[in-house]
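Now for the letters of each chain:
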Amino acid sequence: MSPWLLSGAFLGWGLGANDSANIFGTAVYTKAVKYSTAVILTAIFVILGATLDGHRGIEKLSEFAFAGGINSNIAAFLVMLSAALTVAVMTVLKLPVSTSQAVIGAILGGGILKGTANLQASVQFLSAWVVTPIGAMVISFIIYGVVSKVVSEKMTHFRFYEIFIRTGYIFAGIFGAYSLGANNVANVTAVFAGNLHLVDTRWATIIGGVTIAIGVLTYSKAVMSTVGESIVPLSPIAGFIVVIATALTVYVYARIGIPVSTSQAVVGAIIGIGLKTGAKSIHFKVVRNIVFAWLGTPTIAGLVSLLFSLIIL
Amino acid sequence: MFIKKADSIASLIELQLQKVNEAFAYYIGVMEGIENSSKEQKAEYMKEIDLLEDYADDVRHQIIKQLLEGRMLLESSKSFASMIEHIDDVVNQCEDIVEEIYLQDMKISPKVASALCSINSITEKQLGLLEKIVLAVCSKYSIVEMQQDIKKIEEIETDVDGVEHQAIKELFASEVSLAEKLQQKEIIRKVGHIADIIEDLSDEVEIIMMTRRV
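Trainee: Looking at this model, I keep getting lost on the overall build of chain A. Mind explaining?
Mentor: A count of helical and extended segments in chain A gives 12 helices and zero strands. For chain A, the sequential pattern of α-helices and β-strands runs α-α-α-α-α-α-α-α-α-α-α-α. Whereas a compact globule of 313 residues would reach a radius of gyration of roughly 20 Å, chain A reaches 19 Å, a difference of no more than 12%. The principal-axis extent of the C-alpha atoms belonging to chain A is close to 65 × 35 × 30 Å.

In structure tokens:
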């Protein structure tokens, strides 16, 4: 592995440490799944998702980055370092942050000085940020309605209840991990692949998947505990439906080739269930956090990337 | 794997109920003859019910151990933990009553003894219904039937209150000394309290039903 990829590896590690909570956090909190089982399953299926379905995102994002002026090893390194630092600092400051949005912002920031930053080409990514929570909301609304009809009478059966919830969380977690790998691997290694030829697409998926998995295995416990508790499902079934809806939304974008935010998909999915049940789940603070992530994250990452370009390039 | 975990706890709860029933049946037998019991007999009753309470407690500890091992979902664990504590309170209350009668070498008047037997007989029916709903929540239940049984448990508790209040009124209208009145009033309250514990337990079961929804 080329040392230029280290900044991407750092980002991948952080992504794994943070985003695994969206997948298995609630399952671990409700004791549907043990923490050790959750991290092992996440690591395995993140790597599978990245290697089997991550190539589209890598191809699309690497094309966007190269055309946007990220056409040297050092430029790629600095872009990923900017994104990684932005995510790390915002996480420490407990500000809402999206890795996907940080990467796009860093790419645009890295191309500004050269005059190659292509805002028009970035519209496809920007629009995905808006559609992600809405899509997850619609999907969770539909799934919850269907599941309610099918299982509500069976819930009075003790064995069925315990088995259904546990199995649901495991299935949702596996699908979520796969989608995370498939969709987000592009954030980790795309800028180094494609026309830059620092790594080919195949190896980009493997390296990206493995670094995310390492993040999951080594540093996800604290985040998983807090996020799992704070997501607080409207009911145990709603908990895994949130994960399924998130996984489905993120997977659709993996097939399209656009990295999106799993955290924002989770928020959308929770809102969708709230709309179905009539529970109040839309809070101003949540909406404010999403909007801040849309605007703040890429702006900050872009500024950091621009600063690096000014100083080093 | 999940089936075994869930079934294991359900089996233990059934065993706990069995032990509680045994303890309660013994307690009823003791209370039926309490007015004529000697101090030595009361000491024997206390030892025996203490033993029965220990058996029930053992089972409760086994259930808690399994709950702490994460054998059930968190919400279910919390509700079941609360439920088994209340089930244990039934035996604890029986033990407490027999202990008080022994320690104070209480002389129970025939009228009070009769009232206590009435209360226990009504409470026995309530306990039967409770066993039914607890076992149902550990296997499978019909919401309508459960709600009907829970309502009956509440109605029985009201009946017990009526007998309890009447017994206390008659006690204070009687010729016994004030000290004895206060002593026996306390026992009447304690015996009536078993029905309150059972009614609280039925509320726990209702909470479990509420958490078990889509």
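Trainee: Looking at this model, I keep getting lost on the overall build of chain B. Mind explaining?
Mentor: Along chain B, the regular secondary structure elements total six helices and zero strands. Scanning chain B from its N terminus toward the C terminus, one meets helices and strands in the order α-α-α-α-α-α. The C-alpha radius of gyration computed for chain B amounts to 19 Å, which stays within 12% of the reference 17 Å derived for 214 residues, consistent with globular compactness. The principal-axis extents of the C-alpha atoms in chain B amount to approximately 65 × 35 × 20 Å. Within the span of chain B, comprising 214 residues, buried residues form 50% of the whole. For chain B, long-range pairs separated by at least 24 residues make up 84% of all intrachain contacts whose partners lie at least 6 apart in sequence. Element-wise, carbon and sulfur atoms account for 52% of the exposed surface of chain B, whose accessible area totals about 10,000 Å². Computed over 24 positive and 43 negative side-chain charges, the separation of the two mean positions in chain B equals 3 Å.

Trainee: I'm lost on the environment of Gln41 of chain B in this one. Help?
Mentor: All names here are of chain B. Relative to the elements of secondary structure, Gln41 occurs in helix 2 (residues 39-68). Once the C-alpha coordinates of Gln41 and Tyr102 are considered, the two residues, 61 residues apart in sequence, prove to be 8.9 Å apart. A polar atom in the side chain of Gln41 sits 2.8 Å from the backbone nitrogen of Ser38.

Trainee: Looking at this structure, how should I read the environment of Ile108 of chain B?
Mentor: For Ile108 of chain B, the location among the structural elements is in the loop between helix 3 (74-103) and helix 4 (110-137). Separated by 73 residues in the primary sequence, Ile108 of chain B and Glu35 of chain B place their C-alpha atoms 5.1 Å from one another.

Trainee: Honestly, the packing of aromatic side chains in this entry has me stumped. Any pointers?
Mentor: Any aromatic ring pair is given by two values, namely how distant the centres are and how the planes are angled relative to each other. Taken as a whole and judged by the stated rule, the model has 11 aromatic pairs over all chains. With centroids separated by 5.5 Å and ring planes inclined at 25°, the aromatic side chains of Phe158 of chain A and Phe80 of chain B adopt a geometry described as stacked. With one member in each of two chains, Phe158 of chain A in helix 7 (residues 158-189) and Phe80 of chain B in helix 3 form a pair that bridges those chains. Given a relative accessible area of 1%, Phe158 of chain A falls into the buried group.

Trainee: Just to check I follow, could you spell out the packing of helix 3 (residues 55-67) of chain A against helix 7 of chain A for this structure?
Mentor: Residue and element names in this part refer to chain A. With their axes 7 Å apart at the nearest point, helix 3 and helix 7 run at an angle of 35° to one another. The two elements helix 3 and helix 7 cross, and the hand of that crossing is right-handed. The segment helix 3 lies against helix 7, with Gly57, Ile58 and Leu61 engaging Val185, Ala186, Asn187 and Thr189. Looking at the contact of helix 3 with helix 7 residue by residue, the classes come out as four nonpolar, three polar and no charged.

Trainee: When you look at the interface of chain B and chain A in this model, what are you seeing that I'm missing?
Mentor: One frequent convention defines the size of an interface as the accessible area lost when the parts assemble. Taken together, the contacts link 23 residues of chain B with 25 residues of chain A. Carbon and sulfur atoms make up 66% of the area that chain B and chain A hide from each other, which totals about 2,200 Å². On inspection of chain B and its partner chain A, the count reaches one salt bridge. Put simply, Arg159 of chain A and Asp7 of chain B hold a salt bridge, and the shortest N to O gap is 2.7 Å. Taken together, chain B and chain A are joined by seven residue pairs in polar contact (both at pLDDT 80 or more). For the side of chain B that touches chain A, the secondary structure elements donating two or more residues are helix 1 (2-32) and helix 3 of chain B. Of all the elements, helix 1 of chain B adds the most residues to the side of chain B that touches chain A, at five residues. In the side of chain B that touches chain A, the residues fall into 13 nonpolar, four polar and six charged.

Trainee: Which parts of the structure should I look at to understand helix 3 of chain B?
Mentor: Given 3.6 residues per turn, any residue in an α-helix points the same way as the ones three and four places further on. When the terminal C-alpha atoms of helix 3 of chain B are compared, their 42 Å separation across 30 residues agrees well with the 44 Å that a helix rising 1.5 Å per residue should span. Following helix 3 of chain B by one or two positions, Asp105 of chain B adopts a phi angle in the positive range, close to 45°.

Trainee: For this particular structure, what's the right way to read the confidence of the model for chain B?
Mentor: Mean pLDDT for chain B: 93, with 99% of residues reaching 70 or above. In the predicted assembly, ipTM is 0.81 and pTM is 0.85.

Trainee: Where do I start with the environment of Ser36 of chain A in this structure?
Mentor: Here Ser36 of chain A is to be found in helix 2 (residues 35-53). Spatially, the C-alpha atoms of Ser36 of chain A and Leu217 of chain A are 8.8 Å apart, while their sequence positions differ by 181 residues.

Trainee: Honestly, the pattern of salt bridges in this entry has me stumped. Any pointers?
Mentor: Oppositely charged side chains may form a pair once their charged atoms are brought near each other. Residue and element names in this part refer to chain B. Evaluated as defined, the whole model comprises 16 salt bridges over all chains. Where Asp57 meets Arg60, a salt bridge forms, and the shortest distance between an N and an O atom there is 2.9 Å. Linking Asp57 with Arg60, this pair stays in helix 2, spanning three residues, or about one helical turn. For Asp57, a relative accessible area of 15% gives the class buried. We classify Arg60 as buried; its relative accessible area is 11%.

Trainee: Help me understand unusual backbone geometry, please; the structure alone is not making it clear to me.
Mentor: Of all residues except glycine, most have a negative phi; of all peptide bonds, most are trans. Its identity as a non-glycine residue notwithstanding, His197 of chain A has a phi of 60°, on the positive side. Of note, Asp105 of chain B is a non-glycine position whose phi angle comes to about 45°, a positive value. In this structure, Asp105 of chain B sits in the loop between helix 3 and helix 4.

Trainee: Just checking my understanding: could you explain a nonpolar patch on the surface for this structure?
Mentor: Nonpolar side chains collect at one region of the surface, where Val130, Val131, Ile134, Val138, Phe141, Ile142, Val146, Val150 and Leu275 of chain A lie side by side and expose about 740 Å² of accessible area between them. The element that contributes the greatest number of residues to the nonpolar patch is helix 6 (residues 119-151) of chain A, accounting for eight residues.

Trainee: Sorry, what's going on with the confidence of the model for chain A here?
Mentor: Any region with low pLDDT has predicted coordinates that should not be read closely. Residue-level pLDDT values for chain A average 89, and 95% of them are 70 or greater. The element-level mean pLDDT for chain A is lowest in helix 9 (residues 221-231) of chain A, coming to 64, with helix 2 of chain A highest at 96.

Trainee: So what exactly am I meant to see when it comes to the nonpolar core here?
Mentor: Within soluble globular proteins, side chains that are nonpolar tend to cluster in buried spots. With 82 residues, the main nonpolar core has Phe24, Leu61, Ile107, Val191, Ile237, Phe240 and Ile241 of chain A as its most contacted residues. Here the element with the most residues in this core is helix 10 (residues 236-256) of chain A; it accounts for 10 residues. Not counting residues up to four positions away in its chain, the partners in contact with Ile237 of chain A are Val147, Val151, Met155, Phe164 and Ile165 of chain A together with Val214 of chain B. Core analysis: the next-biggest nonpolar cluster, separate from the first, contains 70 residues, Val59, Ile87, Leu127 and Leu171 of chain B among them.

Trainee: Would you mind going over the side chain of Arg60 of chain B with me for this structure?
Mentor: A polar side-chain atom of Arg60 of chain B sits 3.3 Å from a polar atom in the side chain of Asp88 of chain B. Leave out the neighbours within four places in its chain, and Arg60 of chain B touches Gln16, Ile84, Glu85 and Asp88 of chain B.

How each quantity is defined
Along every chain, residues carry numbers that run from 1 in the direction the sequence is written. The order in which chains are written sets their letters, starting at A; the order in which ligands are written sets their numbers, starting at 1. Per-residue local features of the predicted model are confined to residues with pLDDT of at least 70, and side-chain atom pairs are confined, for both listing and counting, to 80 or more; whole-chain, interface and lining totals are unaffected and use all residues. Calculation of side-chain values draws on the structure's entire complement of heavy atoms; hydrogens and water are dropped beforehand. Working definition: helices are DSSP H or I runs of at least four residues, strands are E runs of at least two. Numbering for both runs from the N terminus. With C-alpha atoms as the basis for the radius of gyration, the globule rule is written as 2.2 Å multiplied by the number of residues raised to the power 0.38. Under the scheme applied here, a residue whose accessible area is under 20% of the maximum for its type counts as buried, over 50% as exposed, and between as partly exposed, the area being computed with a 1.4 Å probe on protein chains only. The contact definition used throughout considers only heavy atoms, calling two residues in contact when any of these lie within 4.5 Å. The accessible surface values rely on the Shrake-Rupley method and a 1.4 Å probe; as for residues, cover is taken only from the protein chains in view. The charge count treats Lys and Arg as positive and Asp and Glu as negative. His and the chain ends do not count. Charge positions are represented by NZ for Lys, CZ for Arg, CG for Asp and CD for Glu. Identification of polar contacts relies on pairs of N or O atoms within 3.5 Å, with a donor-acceptor requirement for protein atoms, meaning one able to donate a hydrogen and the other able to accept it, and with residues adjacent in sequence counted only if both atoms are side-chain atoms. The aromatic pairing rule takes the rings of Phe, Tyr and Trp, using the six-membered ring of Trp, and pairs them if the centres are within 6.5 Å, calling planes under 30 degrees apart stacked, those over 60 edge-to-face and the rest tilted. The axes used here are C-alpha line fits, helices contributing only the stretch in contact, and every angle between their N-to-C directions lies in the interval 0 to 180 degrees. Should the near helix be turned anticlockwise from the far one by less than a right angle, the crossing is left-handed, and should it be turned clockwise, the crossing is right-handed. Residue type decides the class: Asp, Glu, Lys and Arg count as charged, Ala, Val, Leu, Ile, Met, Phe, Trp, Tyr, Cys and Pro as nonpolar, and the leftover types, Gly among them, as polar. When two components associate, each loses some accessible surface as probed by a 1.4 Å sphere; the sum of these losses over both components is called the buried area. When a carboxyl oxygen of Asp or Glu is within 4 Å of a side-chain nitrogen of Lys or Arg, the pair counts as a salt bridge. By this rule the span expected of a helix is its residue count minus one, scaled by 1.5 Å. Scored from 0 to 100, pLDDT records how confident the predictor is in each individual residue. Grouping into patches uses exposed residues only, defined as over 30% relative accessible area, and leaves out salt-bridged ones; the cut-off is 9 Å for like charges and 5 Å for nonpolar side chains (Val, Leu, Ile, Met, Phe, Trp, Tyr). For the purposes of this section, nonpolar cores are sets of buried Ala, Val, Leu, Ile, Met, Phe, Trp, Tyr and Cys residues that join through side-chain atoms within 4.5 Å.

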